[in-house]
Amino acid sequence: MERLKQRADFLAAATGTKVPAAAFVLQARQRADEGPVRFGFTVSKKVGNAVERNRVRRRLKEVVRLSDPRPIQAGHDYVLIGRRAALKLPFERISTDFAGALRRAHSATTKSPSRGARAATRDPDDRQ
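Nothing here was measured: the structure is a model prediction, and the numbers come from that model.

Draft legend 1. Local environment of the packing of aromatic side chains. Counting across every chain of the model gives 4 aromatic pairs. Centroid distance Phe39 to Phe41: 6.4 Å. Interplanar angle 15 degrees. Geometry classified as stacked. With centroids separated by 5.0 Å and ring planes inclined at 20 degrees, the aromatic side chains of Phe39 and Tyr78 adopt a geometry described as stacked. Of this pair, Phe39 sits in strand 4 (residues 38-43) while Tyr78 sits in strand 5 (residues 76-82), and the two are 39 residues apart along the sequence. Exposure remark for Phe39: the relative accessible area of 2% places this residue in the buried category. Residue classification places Tyr78 among the buried residues on the basis of a relative accessible area of 0%.

Draft legend 2. Molecular detail of the pairing of strand 3 (residues 24-30). Counting buried residues in strand 3 gives 5 out of 7 residues, a clear majority hidden from the surface. Taken together, the 4 bridges between strand 2 (residues 17-20) and strand 3 define a ladder with antiparallel strand orientation. Within the sheet, the bridge partner assigned to Lys18 lies in strand 3 and is Gln27. Between strand 2 and the antiparallel strand that follows it, strand 3, lie 3 residues. Judged from the 7 bridges that link them, strand 3 and strand 5 form a sheet pairing that is antiparallel. From the neighbouring strand, Phe24 faces strand 5, where its bridge partner is Gly82.

Procedures and definitions
Residues numbered from 1 in each chain as written. Predicted model: local features only at pLDDT ≥ 70, side-chain atom pairs only at ≥ 80, totals over all residues. Heavy atoms only, no water. Phe/Tyr/Trp six-rings, centres within 6.5 Å; stacked < 30°, edge-to-face > 60°. Helix = DSSP H or I, 4+ residues; strand = E, 2+ residues; numbered from the N terminus. Buried < 20%, exposed > 50% of the residue type's maximum accessible area, 1.4 Å probe, protein only. Pairing = 2+ DSSP bridges.

Here is the structure:
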């Protein structure tokens, strides 16, 4: 697992899928290459003072470190945006939320086009 450290990488991940959870928001983006998985962690100043922000960031890093590597796909960038709830939620809850967020993020990227997109591509002479 590599880390995202440059602002451009965080901005690129923000264009991908966003999955909210109680303690964080997961942003996932598939890159053009099949390189190693990269994770980034960020916590806004709105969450609290530096001690609280660092505690949230450490908890999120540990969740990723201890998580099951199977749902994490190569060639993806993931950013976890910490929320204030991460300070009080039990660690097990954050871990299960992370696993669920990964599943939802990958299912959102593999879904078929929405009903509106199919209707827009339909031939206008093909009315029923």
